[in-house]
Amino acid sequence: MAEETWQNYKEKKNSKPAPLKGIRALEVCTLILGPSGPGFAAAMGAEVIKCEVPPMGDTCRDMTPFGYLFRGYGPVFVHSNINKYWLGLDLHNAEAKKVFLELAAKSDIIEENLRPGVMEGWNIGYRQIKEVNPGIIYIAKNGFGQWGKYAAENRPSNDGASQGFSGYAWMSSFPGQPPLKSSIYPCDDYGGLMGEMAVLAALHYRERTGKGQYIELSQSENIMRAMSWVWPYQQITGKAAMPAGNRDVSICPADTFYCADGAFVAIAAPAPEEFGGLCTAMGRPELASDPRFKDHLTRLKEDNATQILKIIADWARARIAEEIEEMAEKHGFAASRVYTVKDVAEDNHFQERGFITDVDDPLLGQYHDYEFPVMMSRTPPKVKWSVRAVGFDNEYIMAHHLGKSEDEIKQLYECGALGKWADVPGRRPPADWDGKAGLTVAGDGKEKEQR
């Protein structure tokens, strides 16, 4: 069944319809928490118009590892902002606010992640927008929500702050060691994904009732929800959860072990047949019936868990990771060498499935990216184009969506409502741009893409 369903999926997906085609979102977002959600929706075919204050635009344009730029853009920015249309609109400007409300009247979703009250202060918040579009779905995302003590204090937040505030960094460490912040952005991307889940639920509710709604999202509360057993454990037992490093304190055995070749291997064997298989692989079948390890709940007791993990660690240290993987396949327990990111990028499994995709963009050229991590047989997500300069699609959006003439567009530039990129890296097109590639033009009521 699987082979038949997914045959030639990678080659065929670009010719299939998108599940969110016909849904339009206006994005007023910066960094990663805000833009990641609309980026997920854009991969699913939603028309996302990203509004940036010209000429510098989204602060995320400056986020890039070690200052590295690919064709003038940072990988962080590129990864979170696929398939979007780019509008340079200065929302401090009175005429720009009118334009925004015109677009909002024709949109399904507004997404913003500014400080609490900023959009209201600009007179383009939920209360103002629902007057022109009662069916609008409006989501506000920030570190601590729109109300409550920390919101009232107007605290700033980002992924690192959220990891710290939520206890996530504390729990990610090893016993007795300082908190460990993840160098990727779990609070941003998980928060963005949860936000889009709420947006989709709101779209479904609107389809049934005709009613829009307001959604608020706290970044810290979102990552706290992902911390699984931590909160009910503390409430029920009265004990604070403590860092445990790579060990899983809810599964035993489950940990990461050092091998003879300098690699690490992650091993887990909680079920009876899995644990028995591991004991056989270690040449210690009697351990499966040892009173200390006879069942999973018994093994989870601290003294017993410590003893079995030491036995496994001593065994693993004398073998290379590949050997342990082979033994796991033979004896029926889980074991996987800990991959470096280089290992993952070179693994043919991900390329064959189409998860690692080749993007051929008219401005940025060819590069590899990682698709939205689901496969859909009839309406697959896809990457169609990459990021653009600030205000890159101004003329198309004004003419195609709002029906504005060349003179009207010119006036919007003259009054400062519309603007384009600064001549600095991350904001402007690549140096060899020919002035045409990647543009979308409107004509005869139809959209013609040159992306």
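Right above here is the structure, for reference.
All of the points below concern the structure found in this document. Small disclaimer: the values here were computed from a predicted structure and weren't measured. (Residues numbered from 1 in each chain as written. Predicted model: local features only at pLDDT ≥ 70, side-chain atom pairs only at ≥ 80, totals over all residues. Heavy atoms only, no water.)

Before going further, it helps to spend a moment on the sheet that holds strand β9 (residues 334-337). What the three strands build is an open sheet, ordered β7-β8-β9; its pairing is antiparallel. This sheet does not close on itself; its edge strands, each paired only once, are β7 (254-258) and β9. Looking at each pair of strands side by side, their axes are set apart by 20 degrees on average, direction ignored. Direction of pairing for β7 relative to strand β8 (residues 264-268): antiparallel, over a ladder of five bridges. Pairing of Thr256 across the sheet is with Ala266, part of β8. Running at roughly 35 degrees to β7, helix α16 (residues 302-316) makes contact with β7 and β8 of the sheet. (Pairing = 2+ DSSP bridges. Helix = DSSP H or I, 4+ residues; strand = E, 2+ residues; numbered from the N terminus. Axes fitted to C-alpha atoms, helices over the stretch in contact; angles between N-to-C directions. Contact = heavy atoms within 4.5 Å.)

A word on the environment of Ala263. Within the fold, Ala263 resides in the loop between β7 and β8. For Ala263, a relative accessible area of 17% puts it in the buried group. Along the backbone, Ala263 and Ile320 are 57 residues apart, and their C-alpha atoms lie at a distance of 7.4 Å. In this structure Ala263 touches Phe257, Tyr258, Ala321 and Arg337, once residues within four positions along its chain are discounted. (Buried < 20%, exposed > 50% of the residue type's maximum accessible area, 1.4 Å probe, protein only.)

On to the sheet that holds strand β2 (residues 47-52). The six strands are arranged β3-β2-β1-β4-β5-β6 in an open sheet whose pairing can be described as parallel. Looking at the sheet topology across the chains shown, the edges are occupied by β3 (84-88) and β6 (213-218). Geometrically, the sheet is characterised by an average inter-axis angle of 20 degrees between neighbouring strands, direction not taken into account. The pairing of strand β5 (residues 137-142) with β6 spans six bridges and is classified as parallel.

Among the surface-exposed residues, Tyr258, Phe264 and Val338 lie close enough to one another that they form a single nonpolar patch of about 270 Å² accessible area. With respect to the helices and strands, Tyr258 occurs in strand β7. (Patch = residues over 30% accessible without salt bridge, like charges linked within 9 Å, V, L, I, M, F, W, Y side chains within 5 Å. Areas by Shrake-Rupley, 256 points an atom, 1.4 Å probe, with all protein chains shown as cover. Salt bridge = Lys/Arg side-chain N within 4 Å of Asp/Glu carboxyl O.)

Empty space among the atoms becomes apparent when a probe as large as a water molecule is rolled across them. Taken as a whole, the largest pocket encloses approximately 1600 Å³ of empty space. Considering the residues around the largest pocket, the lining is formed by 38 residues, among which His79, Ile184, Asp189, Asp369 and Tyr370 are closest to the centre. Top element by residues in the lining of the largest pocket is helix α4 (residues 75-80). It accounts for five residues. Each residue belonging to the lining of the largest pocket can be placed in one class, and the counts come to 26 nonpolar, eight polar and four charged. Around the second largest pocket, the lining is made up of 32 residues, and of these Thr30, Leu31, Thr59, Asn113 and Leu114 lie nearest the centre. Put simply, the parts of the chain that give the lining of the second largest pocket at least two residues each are β2, β5 and α9 (159-166). (1 Å grid on protein atoms, 1.4 Å probe; cavity = no way out; pocket = protein on both sides within 12 Å on 5 of 7 lines; lining within 4 Å. Points joined across faces, edges and corners; volume = space filled by probe spheres on them. Nonpolar A, V, L, I, M, F, W, Y, C, P; charged D, E, K, R; others polar.)

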